[in-house]
Structure formats: structure tokens, C-alpha cells
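Descriptive structure summary
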Amino acid sequence: MTHNNVVGRCVLVCDSERISLGKLIEDLSKAQGNKLRLINISEPFLRSMTKYLLPRKVHRQLFEHCLVDISETIELTGWQPKYSTTDGVYQMFGQFDEA
């Protein structure tokens, strides 16, 4: 990216939608043409079990949506993402029309 407002700075470039790890895994699997087999375990049960088995940071990463804040990038450059995460995943695997 070439823009006078960001010369010598590190800025974030991504889409701005929230996506869970499960949804990302599902999209990656579908885009590759694989059938995903997930085991449905109730979230409250899984939260309570992992709370004591995993470090706090890992526990939070599993259950919270990942959102990278690109507001500074947009403010400095006016840049907007061209594709959503899902569209980008499908395009990456050459199945953009099936997204």
C-alpha cells in the first residue's frame, strides 16, 4: 500500500466482520471441497470444561470472535476491504462463485 499518511507505519489490512474460529474452519473446509464433520457439544458445557483445562488466554481465544480493528487504516487512507473473509477464502481456493 502506498499512501502518504502511512509511510513508515504498520497498518492493519483485513475485512471488518466478526468471525468465529468454527466459522472460519467451516469456510476453509467447504472452499476446499471437503465435508466437515463437527461434533455438536453444548457451548455452556464446553466453556465450563475448558475453563479449568486450558490457560485463560487460550480459553478466551476459543470462545470470542476475532475482530481486527482497521479503523485507523480506514481513517488514514480511506481504504475499504474488497472482499469479505468468506469470499476471500473461496477465492483463495478457486471456488469464488460457490461462496
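See the structure above.
On the secondary structure map, Val-11 appears in the segment before helix H1 (21-31). Note: C-alpha distance between Val-11 and Leu-76 (65 residues apart in sequence) is 9.3 Å.

Summed over the entire model, instances satisfying the criterion amount to 4 salt bridges. We note a salt bridge from Glu-72 to Arg-9, for which the minimum N-O separation is 2.4 Å. Taken as a pair, Glu-72 in helix H4 (residues 71-77) and Arg-9 in the segment before H1 lie far apart in primary sequence, 63 residues in all. Under the relative-accessibility criterion, Arg-9 is labelled partly exposed at 42%. Across the salt bridge formed by Glu-43 and Arg-47, the nearest N and O atoms sit 2.8 Å from each other. Separated by 4 residues within a single helix, Glu-43 and Arg-47 lie in helix H2 (residues 43-53), roughly one turn from each other.

Time to look at a positive patch on the surface. A cluster of basic residues, Lys-51, Arg-56, Lys-57 and Arg-60, forms a positive patch at the surface. Among the elements that take part in the positive patch, helix H3 (residues 56-63) stands out by supplying 3 residues, more than any other. Tracing the backbone through its elements, the reader meets Arg-60 in helix H3.

Moving on, we get to the environment of Leu-28. Relative to the elements of secondary structure, Leu-28 occurs in helix H1. Of the residues examined, Leu-28 reaches a relative accessible area of 26% and is grouped as partly exposed. Remark: the alpha-carbon pair of Leu-28 and Tyr-90, spanning 62 residues in sequence, is separated by 7.6 Å. For Leu-28, the contacting residues outside a window of four places in its chain are Val-89, Met-92 and Phe-93.

Let us look at helix H5 (residues 85-92). Within H5 the residues assigned to the buried category are Thr-86, Val-89 and Tyr-90. Looking straight down H5, one finds its buried side chains confined to an arc of 95°; they lie on one side. In this structure, the buried side of H5 is in contact with H1. Phi for Gly-94, located one or two positions after H5, is positive at around 75°.

A separate point is the packing of H1 against H5. Taken N-terminus to C-terminus, the directions of H1 and H5 make an angle of 30°; their axes are 9 Å apart at the nearest point. Considered as vectors, H1 and H5 are oriented roughly parallel to each other. Note on packing geometry: the crossing formed by H1 with H5 is right-handed. Contact residues: Lys-23, Leu-24, Asp-27, Leu-28, Lys-30 and Ala-31 in H1; Thr-85, Thr-86, Val-89, Tyr-90 and Met-92 in H5. Per-class residue counts for the contact of H1 with H5 are 6 nonpolar, 2 polar and 3 charged.

The rules we used
Throughout this document, residue positions are counted from 1 along each chain, in the order its sequence is written. With pLDDT at 70 or above as the cut-off, local features in this predicted model cover only qualifying residues; side-chain atom pairs require 80 or more to be listed or tallied, and sums for whole chains, interfaces and linings still use all residues. In computing side-chain properties, one takes all heavy atoms of the structure into account and sets aside hydrogens as well as water. Runs of E in the DSSP output that reach at least two residues are strands. Runs of H or I that reach at least four are helices, and both are numbered from the N terminus. What makes a salt bridge here is a side-chain nitrogen of Lys or Arg within 4 Å of a carboxyl oxygen of Asp or Glu, nothing more. Type-normalised accessible area, obtained with a 1.4 Å probe on protein chains alone, sets the label of each residue: buried when under 20%, exposed when over 50%, and partly exposed for intermediate values. Here the term patch refers to residues with relative accessible area over 30% and no salt bridge, with like charges joined within 9 Å and nonpolar side chains (Val, Leu, Ile, Met, Phe, Trp, Tyr) within 5 Å. Note on areas: these come from Shrake-Rupley sampling with a 1.4 Å probe, and a residue is covered only by the protein chains present in the view. Only four residue types enter the tally: Lys and Arg on the positive side, Asp and Glu on the negative side, with His and both chain ends excluded. Lysine's charge is taken at NZ, arginine's at CZ, aspartate's at CG and glutamate's at CD. Two residues form a contact once any of their heavy atoms are found within 4.5 Å. Summarising the geometry, the arc corresponds to the directions from the helix axis toward the C-beta atoms. Comment: axis = line fitted to C-alpha atoms, over the contacting stretch for helices; angle = value between 0 and 180 degrees taken between N-to-C directions. The cut-offs work like this: below 35 degrees is roughly parallel, past 145 is roughly antiparallel, 65 to 115 is roughly perpendicular, and the gaps in between are oblique. Helix crossings fall into two classes, left-handed where the near helix is turned counterclockwise from the far one by less than a right angle and right-handed where it is turned clockwise. Residues are sorted three ways: Asp, Glu, Lys and Arg are charged, Ala, Val, Leu, Ile, Met, Phe, Trp, Tyr, Cys and Pro are nonpolar, and all the rest, Gly among them, are polar.

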